[in-house]
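Single-letter residue listing:
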Amino acid sequence: MSSTVTLTIDGRTVEAPQGATVLEAARMLGVEIPTLCHFPGLPPSASCLVCLVKIDGRMVPSCATVAEEGMKVESETEEVFEARRTALELLLSDHTGDCLAPCHRICPAQLNIPLMLRHIQNGQVEKALQTLCGAVSLPGATAWLCPAPCEKGCRRGVWDAPTAIRDEERFLVQTELEKGWTVLPEKDPPLERTAAVVGAGPTGLAAAWRLARGGARTVLFHRGEKGGGSLRAETKRGTLPAEVLEHELARLRALGVEFCPRTELGKDVSLEALREEFDAVILALGPSGREQAGRLGLASGPAGLRAKPHTGETDLPGVFAAGAAVKRTPHIARTLAEGQNAGEAAIAWLRTGRAAAPARPFSSMTGRVERKELPDFLRLAGRIPRVSPASETGVFRPAEARAEASRCLHCDCRSVGACKLQRYAEQYGVNPKRFSGRQRMEIDARRGEALFEPGKCILCGICVQIAERAREELGLTFIGRGFDVRIGAPFSDAIADGLRRAARECVAACPTGALTLREETAVPPPSLDRFSPTPENRAPDA
Amino acid sequence: MKPSVLDLPPAAGLAPSEAEPDWTRAAEEILDQCGRDRKALIPVLQAVQERFGWLPEPVLRHIAAHSDITPAAIVGVATFYDMFRFRPAGRHTIRVCRGTACHVAGAERIEAELRRLLKIPPGDDTDPERRFTIEPVACLGCCTLAPVMKIDERTYGRLSPEKLPGVIRQFLADEETRAARRSTEEPRRAAAGKPEIRVGLGSCCMAKGSGRLFHALEDAVERLEADVAVKRVGCVGMCHRTPMVEISVPGRESVFYTGVSPDDAAAIVERHFKPRDPLVRLTEGWRRFLDRLLNDEEAKPGEGAMDSADPAVSRFLGRQAHIATEHFGRLDPLDLEEYLAHEGFQALGRCLEKEETSRPAWIADQIEASGLRGRGGAGFPAGRKWRAVQAQPGPVKYVICNGDEGDPGAFMDRMLLESFPYRIIEGMAIAALAVGAREGIFYIRREYPLAVHRVRAAIGELERRGWLGERLLGKGPPLRIRIAEGAGAFVCGEETALIASIEGRRGTPRLRPPFPAQSGLDGKPTLINNVETFALVPWIIRRGPDRFAAIGSKNSKGTKVFALAGAVKRGGLIEVPMGVTIREIVEEIGGGAREGRWKAVQIGGPSGGCVPERLADTPIDYDSLRELGAIMGSGSLVVLDERTCMVDIARYFLRFTQDQSCGKCTFCRIGSKRMLEILDRICEGRGRSGDLEELEQLGRQISAGSLCGLGKTAPNPVLTTLRYFRDEYEAHLQGRCPAGKCTALIRYVVTDRCVGCTLCAQHCPVGAIPMTPYRKHEINDDLCTRCDTCRTVCPYEAVEIR
Ligand SMILES: Cc1cc2nc3c(=O)[nH]c(=O)nc-3n(C[C@H](O)[C@H](O)[C@H](O)COP(=O)(O)O)c2cc1C
Ligand code: SF4
Ligand code: SF4
Ligand code: SF4
Ligand code: SF4
Ligand code: FES
Ligand code: FES
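Note that the structure is a prediction, hence the values are computed from the model and not measured.

## Looking at the overall build of chain B
A tally of regular secondary structure across chain B gives 32 helices and 19 strands. In chain B, the proportion of contacts linking residues at least 24 apart, taken out of those at least 6 apart, comes to 71%. Entry remark: accessible area of chain B is about 31500 Å², with carbon and sulfur atoms responsible for 49%.

Right, dumping it as C-alpha cells:
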C-alpha cells in the first residue's frame, strides 16, 4: 500500500498523505475552504458544514472526509458555494451579535465609537484621537455641530440615557487644541497621481482629506480667502469656535492638501483645464453648483447636478461631484461622509480606473434590544447616570470624559476582524435577511477572565474539547438538544468556573466572538466616587 | 360564563415531604448498584430518575464528585435525553399521544383542552398543585383508537375534548378503589394437547384491557372448574379488534372473539367448556357478545406459517405472509419449550453444525442469497453488512439489535420484541456467529417496558439453561447478550448516535464513514441490525434463502411488517410480501376508507412522504417508494382522507423531526427550524409569496447538507406534499384551508338549520356560545378555540366550518 493517495480537486491533481482529509489535501493545493468547527489537533466534529465539498454527487464535510485514491472533489463551483452560503446564512439567522456597534453603523463617517470610548476610558487620549481622526475628516466640525444620530441608536439609551458620544469627541478635539497636537490619519503610500477638488466647504474639505490620505497629490481650489465654506457661517453664529475651524484647516494642510484660494471655476479656471491638468476632479460646489451644471457641460436632474449615488461619478470620466450641488444633506456628518465617499471613489478610480463605492464590512445585526436583556451587559459598564460637562465651556474634563466613556456597553464584537464567521459572510456575500430569527441577547460576565455570549456561539464544541483536554475540573458541556442546544458550564455555573485553566486557549480557538477576554473590553470603570449610582443604574448584582 | 374547570378533589398527601431526602445516601446507593465508571452514566441517571422522579442537583453533584463521571458529562447527557426531568413531576402522569394517527384524529385539541382543564400554565408541564404532569409521547401504540392518552397505566382512547372532564373524574375515582394487580408475566404452560384460551398480551392489547380480561378468564375457569388453560400470547396484529380471544381446541378449528370485555369472560368459558350444563342462562353480556362474534376472514389470523413460496398462495392468504411474525397469536412469548416445539433454535442449531472455519462464510452466503435488506429504514443489504464486519480483523466485535423504534406511527418492532423475544435472540446469535462477535446488545427504548421485560426474561431463561454465556446453545462459542435501555431520543435510532448512547454519551450522530462495521462500539467493528431484520433470519436459515427470495419483488425480497392506521376500516399490524401495492394494503387488507374517500398514504413516518391515491398502484418496495419521494422507513402506514390538511401533516412531521434533531449540524438544527417557521406562518394564514420556493430550495439544501439521516430526510414530508398537493399550499397562501383543519384559517358558524336545542352551548368548553333556547345560536368567534365540540354534538348538523 502506498503511503500517499492521489485525488483531484476541481480538476487539479494532488498527492496527499494516506489518511489526510480532503480539507488538508485542498490546502496543499492552495484551494481555500472555509472552516468553523474544525480545529487542528482535535477530532473532527463536522457540525458547522461550511466546509462542504461535492464528491460523487454528494455534499460532504471536507474536514472529516478522508481523501481516497482517485477521488474527484468539487470545491470552487457555484453549487458548492451556494451550499456553504446557505450554511452561513442559517448560522447568521441564529446569531445574536453586532460585529460593529449600532452607533458605529449609524455614524455616517463610520467612526468606531466603542473603540474610541475604550481608549478614553483607559486614559489613552492620543489613541482615541487616532481613532477619531482616522474616520472623520473634520472631527472639530462634528464635535461641535453634529446632531449625533449615533446617540439615537445607542443601546445604553434603552437602559437610561445614551452615551454622550458627541461630548466625548469635543473633549478629544479640545484636548488636541490645548496640547497643541495635530493628529493625522494614517496615509497610504504616494500614488503618483493628482487630483483637484473644487470648493472648500465641508464637502470639498472632506473629499480633499480622503484624496490626500489615499496618497494623491491634492489641490483644493476655492473662491474665497481662507476656506471653510458654510462652516465660516457657523463660527460667526458662535456654534463652532473659530479656532477649531482653523485647526481643521491646518490639519488638512499638514496632511498635504494644497489650498489654491481665490480661484473660481468657470472664471479663473475651466473644468477642461482642470481635467487636462489633473487625473481626477471632484466638484464640491455647494448649493450654487446646481445652476452651474449646464455651463460646465454636466447633466442635471431635479435635485441638482447629476452624479451617481455612493460614488459621485458624473457623465465625464474622472469627474466626480458631491455635496449640496448634488443633493442637500441633512447634517454635517452626512455632508462629510458624502465628501469622503467621493474622495474614496476617486482614489479607487485613480488606482484601478474604476470608481467603487466604499465597501462596508459585513456586520451581523442584533436589531432592537429590550431593556430586560441589558442587565448582564451592565456588569461591563459604569453604573452611573449620564455625565454632563460641569464647566461652562461645555467641554468634559478628563475625569468626566473617562467616567462617561465607562458607560458604554461595548456593543461591538470583541472578535471583529478575528471572527471567521464574519470573514466568510463577507467573502460569500451572504444575504443576512434570507432567514430571520433572533435569540436573546446575553452575556455571561459574572466573573473570571472569560466572557461568553451564547448568541454568538455556533456550537462547534471546540471549547468543550479543549476544556476536557486541559482536565478542567468543571469544564464545559453542550446543554440540551436540538435547536435549543447551548454551551455552558454544568449546573448553571459561570463560564469562567468551567474555564479555570483553559480560558485563554479557548478564547483563542473560538471561531467567533462567543468567547472573549474581559480585558479586551476595557479597564475596569474608573473610580466613580463622584457619581453616586441611582437605583436605576444599579446592575442587579450590585 | 359557565364553570369550565373541573372541580377536582384536593389531592391528598401530595405535598412533597417536608424533610430533605438524604441525597448523599441515595447517590451512594445508586453508584454502588450501577458502578462508578464513565459508561455507567445513563443507567445511573435512570436510577436517580426512577428513585426521585427527577434529577435533583445535589445528587448529581455528589455523583460527579465520587465517580469517574464528570460534571460536564452528567449535564450534557442528562439534558440530551427526554426522559430526564429537572423538576419534580406531578403525582400522575398523563401521556398524550402525539403520534401520527392521533394527530390526524385531533390530538392537539385534546392536549390544549387538558392543559386548560388542569390549569397547567403555558410553558409548564405540571399543574401548580403538582397533581398531573402532561407528557407528550410519540406513539402509545393504540393508533386504531386515536386519539389516545394514558393516565399512569390506564389508557383512554377515542377521546374528544368534551369527554375529558369525565375521564379525569373517573380516573380519580377509580384510583381510590384500585386494588393491587396480579402479574400476567409468569409463563403459563399448557399441557400438550390440552385446549387453550389464548389472550393477546402485547402492550397495545394490554392498553385495551387484555390484562383484566386475562384475569377475568382465569377466575371464570377456576370458578367453573373448566379443563382449559388460559394462556398469554404475543400480539395478534388486529389492533382494531383487540382485546381478542382465541379458543383453541386440538383437532378443531379455532374460534375467535374480538373486542372482548372482562364482563364477557364467564360467558366465553361457559359456552365452550361447560357444555354439560345446557341450562346456563345467557347473560345480558353474553347476548351483546354474540352480536360481536366475528366470522369473516379477518378473524382468522392463525392460518399458520406460509407453506408455499408461491406468491399466488400468499396473496390468497389475505395478502399477508408471516415470517417475522410466524405463529403469531399462538406462542406464549416467554415459553421456551413452546418456541422449541415450533422449530425454535433449529436455525441456530444448523449453523452450529457447520464446520467452525466455514461457518461464517456459509451464514453470510445464506443471508446474501436471500436478498434480505435491512428493515430499519435504509434497506441496506444485510449480507453485505455482515460480510463487512466479518472481514474486519481483531478479536473483539459486537452485534447490536436496534430496537429504538421512534417513528410516531410505528410499533412493529415493539410487537416483535414483546411477542417473539427468542426468535430475535436466535437471529442475533446467528449474526454473532457470522461476524465473530461474542457480545450482543439489545438497544430498546425505555418507553417499551414490556419489551424490555420480556427480552430480559428470555435472556435470563437462556442463561439458566446454559444456552447463552460461555457456550451458545451449550455447544457453540461464547455469546453474552445484554440490554441497554434508551432514554428518549428519536435520533438514537441512528446507528452512530445509538452507539454514542450505549457508550454513555450524548446521542449525537457522527459522519460516516467510518461505518460501525469498521469502527463502532468502543471503536470496534460492530454489526447493527433492526429487530425485524433479525426476526427474519431464523426462517431464512431454516427454509433456505431461495424460499425467501421467491417472495417479493426484484430488488426487495421477503416480507415487511407495517403498522396500518389512520382513516381505514381495519387498522393493525400486518406482514405482507414486498411488492404488493399500496392500494391492495389500504383497500383489501385495510378495507378502504372508514368514511368517504382516502386521498393519500403517509409511508415511512417523519422520514417518509405522502403518496397520493392516484399513485397507489405503486408496489411497496425500497426502490419504487424512493422514486416517489417517500421511503419504506420503519413501516408506518397512515391512511389520510379528505379531512386531512396536507400542509398541516407536513408541518406535523417536520415539527417532530425538528424537535428531535440532535442539534449538532447547521442544516438540520437551524434549517429545519426555519422551514418549520415558514410552514407555521403558512398554516396561520401569514404565508408570503416566495415561501413555497424557499421551502423547496431550503428543503433540498437540508437534504444535501445534513450530517445524518434525520436531517437528510426531514424535508421529505414537506417536499412530497409540495410535489403532489401544491394546490393545498396555494390555497393556504390565499387564506383558505381546504380541509378545514388549520384553526387560524377557519371559523365555526351556526347555520339556519339550528333549532335552538342549546346542546352546543351546553358543551362548549369555553362558553363561546350563549344559551338561546329555541332561537338560532351564535358563536363568539373571539372566544372560540376551534375545539370542534359544537359541530360534533349538534344533532342537526347546523354547525359548519367556514
Ligand atoms: C434518525 C434515524 C432514526 C433511526 N431509527 C431507527 C430505528 O428506530 N430502528 C432501526 O432499526 N433503525 C433506525 N435507523 C436506521 C439505523 O441507523 C440503521 O440503519 C439500522 O438500524 C440498520 O439496521 P438494518 O440494516 O437492519 O435496517 C434510524 C436512522 C436514522 C437516521
Ligand atoms: S461573532 Fe463574528 S459575526 Fe458575530 S458579531 Fe462578532 S464578529 Fe460579528
Ligand atoms: S453603548 Fe457604546 S457601543 Fe453601544 S451603542 Fe452606545 S456608544 Fe455605541
Ligand atoms: S463558544 Fe465554544 S462552541 Fe461556541 S463558537 Fe466558541 S469555541 Fe465554538
Ligand atoms: S442531521 Fe440533525 S440529527 Fe443528524 S447530526 Fe445533524 S443535527 Fe443531528
Ligand atoms: S463541518 Fe467541517 S469545518 Fe465545520
Ligand atoms: S397511539 Fe397515537 S398515534 Fe399511535
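## Digging into the interface of chain B and chain A
Contact with chain B, which involves 40 residues of that partner, is made by 39 residues of chain A. In total, about 3200 Å² of surface goes out of reach between chain B and chain A, with carbon and sulfur atoms giving 58% of it. Taken as a group, Phe 667, Arg 669 and Arg 674 of chain B account for 18% of the area that chain B buries against chain A, more than any other trio of residues on that side. Counting the contacts that link chain B with chain A gives 3 salt bridges. Taking the shortest distance from any N to any O, the salt bridge between Asp 493 of chain A and Arg 61 of chain B comes out at 3.6 Å.

## Concerning the nonpolar core
Counting 151 residues, the largest nonpolar core has Leu 7 of chain A together with Leu 695 of chain B as the members making the most contacts within it. Counting residues per element, this core draws most heavily on helix α26 (residues 666-683) of chain B, which supplies 9 residues. Not counting residues up to four positions away in its chain, the partners in contact with Leu 695 of chain B are Met 675, Ile 678, Leu 679, Ile 682, Val 718, Leu 719, Leu 722 and Tyr 729 of chain B. Formed by 86 residues, the second largest nonpolar core is a distinct cluster that contains Leu 111, Ala 195, Ile 282 and Phe 377 of chain A.

## Topic: helix α4 (residues 71-78) of chain B
Most of α4 of chain B sits inside the fold, with 8 of its 8 residues counted as buried. Every buried residue belonging to α4 of chain B is among Pro 71, Ala 72, Ala 73, Ile 74, Val 75, Gly 76, Val 77 and Ala 78 of chain B, and all of these are buried.

## Notes on the pattern of salt bridges
Two side chains bearing opposite charge may form a pair once their charged atoms approach each other closely. All names here are of chain A. This model, assessed by the stated rule, comprises 95 salt bridges over all chains. A salt bridge links Asp 160 to Arg 156; its shortest N-O distance comes to 2.9 Å. Of the residues examined, Asp 160 reaches a relative accessible area of 24% and is grouped as partly exposed. Overlapping salt bridges, with partners in common, bring together Arg 156, Asp 160, Glu 404 and Arg 407 in one network.

## Focus on the domain arrangement of chain A
If you check the domain split of chain A, you get domain 1 (4-92), domain 2 (102-183 + 370-405), domain 3 (194-352) and domain 4 (420-517). The straight-line distance from the C-alpha centre of domain 1 of chain A to that of domain 2 of chain A is 45 Å.

## Focus: the packing of helix α1 (residues 23-34) of chain B against helix α2 (residues 41-52) of chain B
Residues and elements named next belong to chain B. Their axes nearest at 10 Å, the elements α1 and α2 cross at an angle of 135°. By the angle between their directions, the pair α1 and α2 is classed as oblique. The two elements α1 and α2 meet at a crossing, and its hand is right-handed. Packed against α1, whose contacting residues are Trp 23, Ala 26, Glu 29, Ile 30, Leu 31, Gln 33 and Cys 34, the element α2 presents Pro 43, Val 44, Ala 47, Val 48, Arg 51 and Phe 52 at the interface. Among the residues forming the contact of α1 with α2, the class breakdown is 10 nonpolar, 1 polar and 2 charged.

## Considerations on the domain arrangement of chain B
Residue and element names in this part refer to chain B. Split into domains, chain B comes out as domain 1 (92-177), domain 2 (196-316), domain 3 (336-507 + 536-547), domain 4 (559-733) and domain 5 (747-802). Here the C-alpha centroids of domain 1 and domain 5 sit 25 Å apart. With 5 residues of domain 1 at the interface, the matching set in domain 5 holds 9 residues. For the domain 1 face of the interface with domain 5, the top three residues by lost area are Arg 109, Arg 116 and Glu 162, together amounting to 77%. Our enumeration of links across domain 1 and domain 5 arrives at 1 salt bridge. Between Asp 788 and Arg 109 there is a salt bridge, with its nearest N and O atoms 3.7 Å apart. At the boundary of domain 1 and domain 5, one finds 3 residue pairs in polar contact (both at pLDDT 80 or more). Counted by class, the side of domain 1 that touches domain 5 contains 1 nonpolar, no polar and 4 charged residues.

## Describing empty space enclosed by the protein
Residue and element names in this part refer to chain A. Within the structure shown, the criterion is met by 12 cavities of 30 Å³ or more. Here the largest cavity is characterised by a volume of approximately 120 Å³. Around the largest cavity, the lining is made up of 14 residues, and of these Cys 107, Thr 142, Cys 146, Glu 169 and Ala 333 lie nearest the centre. Elements with a contribution of two residues or more to the lining of the largest cavity: α7 (149-152) and α9 (165-179). In terms of residue count, the dominant contributor to the lining of the largest cavity is α9 (3 residues).

## Notes on helix α12 (residues 242-255) of chain A
Residues and elements named next belong to chain A. The terminal C-alpha atoms of α12 lie 20 Å apart, and with 14 residues this matches the ideal 20 Å at 1.5 Å per residue to within 8%. Of all the positions in α12, only Val 244, Leu 245, His 247, Glu 248, Leu 249, Arg 251, Leu 252 and Leu 255 are classed as buried. Tucked inside the fold, the buried residues of α12 contact α5 (125-135), α6 (139-145), α9, α10 (202-213), α11 (230-237) and β8 (258-260). Backbone geometry just downstream of α12 places Gly 256 in the positive-phi region, at approximately 115°.

## A look at the side chain of Arg 651 of chain B
Residue and element names in this part refer to chain B. By secondary structure assignment, the location of Arg 651 is in helix α25 (residues 646-660). Of the polar contacts made by the side chain of Arg 651, one reaches the side chain of Asp 680; its length is 3.0 Å. Every residue in contact with Arg 651, bar those within four places of it in the chain, is listed here: Leu 676, Leu 679, Asp 680 and Cys 683.

## Some points on the side chain of Thr 758 of chain B
All names here are of chain B. For Thr 758, the location among the structural elements is in the loop between β18 (748-750) and α31 (759-763). For Thr 758, a relative accessible area of 9% gives the class buried. In this structure, Thr 758 is in contact with Met 771, Thr 772, Pro 773 and His 777, ignoring residues within four places of it in sequence.

## Focus on the site of ligand 1
All names here are of chain B. Around ligand 1, the surrounding shell holds 18 residues, and the nearest of these are Gly 376, Asn 402, Asn 529, Asn 530 and Thr 533. Here Arg 375 contributes a backbone N or O atom positioned 3.3 Å from an oxygen atom of ligand 1. Taking Thr 533, its side chain carries an N or O atom lying 2.7 Å from an oxygen atom of ligand 1. Protein contact buries 88% of the 610 Å² of open area that ligand 1 shows by itself. Among the elements of the structure, β12 (526-530) and α28 (709-713) are those that each provide at least two residues to the shell around ligand 1. Class assignment for the residues of the shell around ligand 1 results in 3 nonpolar, 9 polar and 6 charged.

## Some words on the site of ligand 4
Close contacts around ligand 4 come from 13 residues, with Cys 457, Cys 460, Gly 461, Cys 463 and Cys 510 of chain A the closest. Each residue belonging to the shell around ligand 4 can be placed in one class, and the counts come to 11 nonpolar, 2 polar and no charged.

## Remarks on the sheet that holds strand β17 (residues 636-641) of chain B
Residues and elements named next belong to chain B. Pairing is mixed across the open sheet formed by 5 strands, whose spatial order is β14-β13-β17-β15-β16. Edge positions in the open sheet fall to β14 (572-577) and β16 (609-612), since each of these has one partner strand only. For this sheet the average axis-to-axis angle between neighbouring strands, irrespective of direction, equals 30°. As paired elements, strand β13 (residues 559-566) and β17 share 4 bridges and run parallel to each other. Opposite Ala 563, over in β17, you have Ser 636 as the bridge partner. Contacts between helix α23 (residues 582-589) and the sheet are confined to β13, β14, β15 (598-603), β16 and β17, with β15 contributing the most and set at about 115° to the helix. Packed onto the sheet, α25 meets β15, β16 and β17 and runs at close to 10° relative to β15.

## With respect to the environment of Gly 440 of chain B
Residue and element names in this part refer to chain B. By secondary structure assignment, the location of Gly 440 is in strand β10 (residues 439-444). Separated by 11 residues in sequence, Gly 440 and Ala 429 place their C-alpha atoms 7.9 Å apart. Setting aside its immediate chain neighbours within four residues, Gly 440 contacts Val 399, Met 428, Leu 479, Arg 480, Ile 481 and Arg 482.

## What to know about the confidence of the model for chain B
Residues and elements named next belong to chain B. Per-residue pLDDT for chain B averages 86, and the proportion of residues at 70 or more is 87%. Every residue in residues 1-18 is under pLDDT 50, and counting partners more than four places away or in other chains gives 30 contacts. Low pLDDT, under 50, characterises residues 275-317; the predicted model gives this stretch 58 contacts beyond four residues in sequence or across chains. Of the two predicted TM-score estimates for the complex, the pTM is 0.87 and the ipTM is 0.88.

About the cut-offs
Residues numbered from 1 in each chain as written. Chains lettered and ligands numbered in written order. Predicted model: local features only at pLDDT ≥ 70, side-chain atom pairs only at ≥ 80, totals over all residues. Heavy atoms only, no water. Helix = DSSP H or I, 4+ residues; strand = E, 2+ residues; numbered from the N terminus. Contact = heavy atoms within 4.5 Å. Areas by Shrake-Rupley, 256 points an atom, 1.4 Å probe, with all protein chains shown as cover. Buried area = accessible area lost by both parts, 1.4 Å probe. Salt bridge = Lys/Arg side-chain N within 4 Å of Asp/Glu carboxyl O. Core = buried A, V, L, I, M, F, W, Y, C linked by side-chain atoms within 4.5 Å. Buried < 20%, exposed > 50% of the residue type's maximum accessible area, 1.4 Å probe, protein only. Domains from an automatic or database assignment. Axes fitted to C-alpha atoms, helices over the stretch in contact; angles between N-to-C directions. Parallel < 35°, antiparallel > 145°, perpendicular 65-115°, else oblique. Left-handed = near helix turned anticlockwise from the far one by under 90°. Nonpolar A, V, L, I, M, F, W, Y, C, P; charged D, E, K, R; others polar. Polar contact = N/O pair within 3.5 Å; in protein donor to acceptor, adjacent residues only side chain to side chain. 1 Å grid on protein atoms, 1.4 Å probe; cavity = no way out; pocket = protein on both sides within 12 Å on 5 of 7 lines; lining within 4 Å. Points joined across faces, edges and corners; volume = space filled by probe spheres on them. Expected span 1.5 Å × (residues − 1). Near = heavy atom within 4 Å. Pairing = 2+ DSSP bridges. pLDDT = per-residue confidence, 0-100.

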